Amino acid sequence: MRVVTTAQPLDVQPTPLALLLLGREADPRSERGVECPGDLPSPSDPDLVERARAAKEKLGDKVFVLGHHYQRDEVIQFADVTGDSFKLARDAAARPGAEYIVFCGVHFMAESADILTGDDQKVVLPDLAAGCSMADMATAEQVAECWDVLTEAGVAEQVVPVSYMNSSADIKAFTGRHGGTICTSSNAKRALEWAFEQGEPSAAKVLFLPDQHLGRNTAVRDMGMTLEDCVLYNPHKPNGGLTVQELRDAKMILWRGHCSVHGRFSVESVEDVRARIPGVNVLVHPECRHEVVAAADYVGSTEYIIKALEAAPAGSKWAIGTELNLVSRLAKRFAAEDKEVVFLDKTVCFCSTMNRIDLPHLVWTLESLAEGNLVNRIQVDPETEKFAKLALERMLALP
């Protein structure tokens, strides 16, 4: 056996991508990747809960804490309100007296809160590395290039962009500039109906950003289109990997993006849970793949999932296809009502970036604010905010 030795240590340097994923570098075009500038308390500190409570009490009405449904229980306990991304942004806007909005979610959510709140309010994200892989799948440069492709194909004038709430402020601003609107998973159908009403019915098209699955599921399942009406634009291929004729024939131009959590669920997951739990109701989020949505019994947004379980009869059984923190919380909540709630997949799957917001980060944030130190502020530049807000206002105006 040959043994290779060296007198000098290997000079192995992490790549920029590795540092980005570790949260040790910044990329202004990315939803994640900024090292926390402060000294975090130890996760093993037994006083973390009390420290968070004391700092929050010291701040009083100056702080308003928002907790997304996918957050850890240790964080949710300190939230003044919980909800999905858009509900929380609106809740923040409805509290003009709060100087600090602490958003326990991810970067694009905090951006939306900054857009909708007053200029004197400061939106704070406890960990700047908490981002969204889906939002990262569409950059401003890529979308601008896509629009050039659509223009060269002679179809841009017929296209109305509709962007999912799970997108960066830059993408929302692009949508606003080009006459489009934002949507959530609960109003995607109405947003698409509005978009198709903006042009000639026979020629109108939608560019749906950045989640291909929500766009496809809404178009086919809810609006009666066919899979052939949808084409997939891949920003990593020349001309999006599409021909001019394909762009001209399409009704839905779907961006090649997806949720890394919801994309894990499969038809095999559905078949397996039906075999293990006879009579189970399969309820999935519309960010799941089309074949999973087609195999499920019910499909709906996070808020829809919660309301469906609230209305479910005692003794019913449910397999839920969405983020595990929420499913675990619902399982505990409804066990007392004799409702069985299980995670759709056998594989544990948290939203890794959402889980970056933990108790040490929240304690550090609240204590810093209580001491008069503004940390981790999320602030959208005025030009981007102007057009992103225009797109959001179009959504708010939808009947």
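Residues numbered from 1 in each chain as written. Predicted model: local features only at pLDDT ≥ 70, side-chain atom pairs only at ≥ 80, totals over all residues. Heavy atoms only, no water.

## Examining the environment of leucine 392
Part 1 of the argument: In this structure, leucine 392 sits in helix α17 (residues 382-396).
Part 2 of the argument: Setting aside residues up to four positions removed in sequence, leucine 392 forms contacts with Phe86, Ile115, Leu116, Met165, Lys172 and Ile182. (Helix = DSSP H or I, 4+ residues; strand = E, 2+ residues; numbered from the N terminus. Contact = heavy atoms within 4.5 Å.)

## Notes on the nonpolar core
Part 1 of the argument: Formed by 109 residues in total, the largest nonpolar core has its most connected members in Val102, Phe208, Met252, Val282, Val284 and Leu366.
Part 2 of the argument: Leave out the neighbours within four places in its chain, and valine 102 touches Val63, Phe64, Val65, Leu66, Val124, Pro126, Leu362, Thr365, Leu366 and Leu369. (Core = buried A, V, L, I, M, F, W, Y, C linked by side-chain atoms within 4.5 Å. Buried < 20%, exposed > 50% of the residue type's maximum accessible area, 1.4 Å probe, protein only.)

## Side note on the sheet that holds strand β1 (residues 63-68)
Part 1 of the argument: The sheet built from five strands is open, its strands ordered β2-β1-β3-β4-β14 with mixed pairing. The open sheet has two free edges, formed respectively by β2 (81-83) and β14 (377-378), since each of these has just one partner strand.
Part 2 of the argument: Across three bridges, the pairing between strand β3 (residues 100-104) and strand β4 (residues 122-124) is parallel. Counterpart to valine 102 in the pairing with β4 is valine 124. (Pairing = 2+ DSSP bridges.)

## A word on a negative patch on the surface
Part 1 of the argument: Taken together, the side chains of Glu141, Asp170, Asp381 and Glu383 make up a negatively charged region of the molecular surface.
Part 2 of the argument: Tracing the sequence through the fold places glutamate 383 in helix α17. (Patch = residues over 30% accessible without salt bridge, like charges linked within 9 Å, V, L, I, M, F, W, Y side chains within 5 Å. Areas by Shrake-Rupley, 256 points an atom, 1.4 Å probe, with all protein chains shown as cover. Salt bridge = Lys/Arg side-chain N within 4 Å of Asp/Glu carboxyl O. Lys, Arg positive; Asp, Glu negative; His and termini not counted. Charge placed at Lys NZ, Arg CZ, Asp CG, Glu CD.)

## Let's talk about the packing of aromatic side chains
Part 1 of the argument: This structure, assessed with the given rule, holds four aromatic pairs.
Part 2 of the argument: Each ring, one from tryptophan 147 and one from phenylalanine 174, has its centre 5.6 Å from the other, and the planes form 80°; the classification is edge-to-face. With a gap of 27 residues between them, tryptophan 147 in helix α7 (residues 140-152) and phenylalanine 174 in helix α8 (residues 169-177) connect regions that are remote in the sequence. Neither residue differs from the other here; tryptophan 147 and phenylalanine 174 are each classed as buried.
Part 3 of the argument: Taken together, a centroid distance of 5.5 Å and an interplanar angle of 65° make the contact between phenylalanine 265 and phenylalanine 343 edge-to-face. Taken together, the residues phenylalanine 265 in the loop between β9 (252-255) and α12 (267-276) and phenylalanine 343 in strand β13 (residues 340-343) connect sequence positions 78 residues apart.
Part 4 of the argument: Between the NZ or CZ atom of arginine 95 and the centre of the ring of phenylalanine 64, over which it lies, the distance is 4.2 Å. (Phe/Tyr/Trp six-rings, centres within 6.5 Å; stacked < 30°, edge-to-face > 60°. Lys NZ or Arg CZ within 6 Å of the ring centre and 35° of its normal.)

## A few points about the sheet that holds strand β10 (residues 281-284)
Part 1 of the argument: The parallel open sheet is built from four strands, whose spatial order is β11-β10-β12-β13. Lying at the two open borders of the sheet, with one neighbouring strand each, are β11 (298-299) and β13.
Part 2 of the argument: Where strand β12 (residues 317-321) and β13 come together, four bridges link them in parallel fashion. Each bridged residue has a counterpart across the sheet, and for isoleucine 320 the counterpart in β13 is phenylalanine 343.
Part 3 of the argument: Running at roughly 165° to β13, helix α15 (residues 324-335) makes contact with β12 and β13 of the sheet. (Axes fitted to C-alpha atoms, helices over the stretch in contact; angles between N-to-C directions.)

## So, α8
Side chains three or four residues apart in an α-helix point the same way, a direct result of the helix having 3.6 residues per turn.
Part 1 of the argument: Among the nine residues in α8, seven count as buried, and that is most of the element.
Part 2 of the argument: Within the span of α8, buried status applies to Ala169, Ile171, Lys172, Ala173, Phe174, Thr175 and Gly176.
Part 3 of the argument: Contacts made by the buried residues of α8 are with α5 (107-116), α7, β5 (159-164), β6 (181-183), β7 (205-209) and α17.
Part 4 of the argument: Glycine 179 sits one or two positions beyond α8 and adopts a positive phi of about 75°.

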